[in-house]
Protein chains: 2
Amino acid sequence: MTITTYTVTGMTCGHCVTSVKEEVGEVPGVTGVDVDLATGLMSVHSENPIDTAQITAAVAEAGYDVVTPS
Amino acid sequence: MTITTYTVTGMTCGHCVTSVKEEVGEVPGVTGVDVDLATGLMSVHSENPIDTAQITAAVAEAGYDVVTPS
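Each chain carries its own residue numbering, running from 1 in the written order of its sequence. Going through the entries in the order they are written, you letter the chains from A and number the ligands from 1. The predicted origin of the model limits local features to residues at a pLDDT of at least 70 and limits the giving and counting of side-chain atom pairs to 80 or more, whereas totals for whole chains, interfaces and linings rest on all residues. The side-chain quantities take in all heavy atoms of the structure and omit both hydrogens and water.

A. Molecular detail of empty space enclosed by the protein. Residues and elements named next belong to chain B. In this analysis the probe radius is 1.4 Å and the grid spacing 1 Å, with only protein atoms considered; a cavity is a set of points the probe fits into but cannot get out of, a pocket is an open set with protein on both sides within 12 Å along at least five of seven lines, and lining residues have an atom within 4 Å of a point. Grid points are joined across faces, edges and corners, and a volume is the space filled by probe spheres set on the points. Considering all chains together, one arrives at one cavity of 30 Å³ or more under this definition. Roughly 30 Å³ of internal volume is contained in the largest cavity. If you go around the largest cavity, the residues you meet are T4, Y6, V44, S46 and I50. Secondary structure counts use DSSP, requiring at least four H or I residues in a row for a helix and at least two E residues in a row for a strand, with both numbered from the N terminus. Those elements giving two or more residues to the lining of the largest cavity turn out to be β1 (2–9) and β3 (41–46). As a working rule, the residues Ala, Val, Leu, Ile, Met, Phe, Trp, Tyr, Cys and Pro are called nonpolar, Asp, Glu, Lys and Arg charged, and the rest polar, with Gly in that last group. Across the lining of the largest cavity, the residue classes break down as three nonpolar, two polar and no charged.

B. Up close: the interface of chain A and chain B. In this complex, chain A contributes six residues to the contact, which on the side of chain B involves six residues. The buried area of a pairing is the accessible area, by a 1.4 Å probe, that goes missing from both parts when the two are put together, added over both. Here chain A packs against chain B, burying approximately 420 Å² in sum over the two surfaces, 56% of which is carbon and sulfur. On the chain A side of the contact with chain B, T12(A), C13(A) and H15(A) bury the most area, a combined 77% of that side's loss. Polar contact is defined as a pair of N or O atoms within 3.5 Å, subject to the rule that within protein one atom must be able to donate a hydrogen and the other to accept it, and that residues adjacent in sequence are counted only when both atoms are side-chain atoms. One can count four residue pairs in polar contact (both at pLDDT 80 or more) joining chain A with chain B. Among the residues making up the side of chain A that touches chain B, the classes are represented as three nonpolar, three polar and no charged. Pairs of residues are marked as contacts when any of their non-hydrogen atoms sit within 4.5 Å.

C. How the structure looks around helix α1 (residues 14–25) of chain A. Helix span, as expected, comes to 1.5 Å for every residue beyond the first. The terminal C-alpha atoms of α1(A) lie 16 Å apart, and with 12 residues this matches the ideal 16 Å at 1.5 Å per residue to within 8%. Structurally, α1(A) contributes buried residues whose contacts are with β1 (2–9), β2 (30–35), β3 (41–46) and α2 (52–62) of chain A together with α1 (14–25) of chain B.

D. View of the sheet that holds strand β4 (residues 65–66) of chain A. Residues and elements named next belong to chain A. Criterion used throughout: strands pair if DSSP finds at least two bridges between them. With respect to topology, four strands assemble into an open sheet ordered β2-β3-β1-β4, the strand pairing being antiparallel. Where the open sheet ends on each side, the last strands, each with one partner, are β2 and β4. Relative to β3, β2 runs antiparallel, the two sharing five bridges. The residue bridging V30 from the neighbouring strand is S46, located in β3. What counts as an axis is a line fitted to C-alpha atoms, over the stretch in contact for a helix, and the angles between N-to-C directions run from 0 to 180 degrees. Across the face of the sheet, α1 comes into contact with β1, β2 and β3 while running at roughly 165° to β2.

E. Just the sheet that holds strand β4 (residues 65–66) of chain B, in detail. Residue and element names in this part refer to chain B. Taken in spatial order, the four strands make up an open sheet running β2-β3-β1-β4, and their pairing is antiparallel. Strands at the two margins of the open sheet, each flanked by one partner only, are β2 (30–35) and β4. Note that β1 and β3 share six bridges and pair antiparallel. If you follow T5 over to β3, its bridge partner there is S43. Its contacts with the sheet place α1 against β1, β2 and β3, and it is angled at close to 160° to β2.

Here it is as structure tokens:
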């Protein structure tokens with residue numbers, strides 16, 4: 001199993017968390033999504049690694065941004 | 001037609017606005033609800049005046065508070 005952690009910005013409340021979890025949960029291969037509102041940390045569970053671009057796109061679809069590690 | 005204005009606190013994003021509009025819109029007699037996120041101002045439209053307690057309860061159901069004029 002793979003767990004990949006991202007930082008999502010722009011979430012302000014539990015509704016935002018729900019939106020992100022729904023969109024990312026729909027990415028093929030994703031088996032689970034945990035999001036912490038306070039820190040913005042999102043853990044994506046999957047059987048095999050998933051292209052970061054797909055996760056980033058799903059977060060954007062929900063209306064938020066993934067911080068790209070610099 | 002009656003338009004009554006309230007101030008709602010605790011809303012942080014558009015999802016919150018949607019939740020408030022949905023709950024208040026379900027109060028019997030309400031014909032329309034406008035909510036401004038930035039100011040918290042909510043205008044409730046109805047044919048006849050509606051008990052404030054019903055509106056306050058609907059806002060609370062959504063998870064927010066109505067400021068009671070002091």
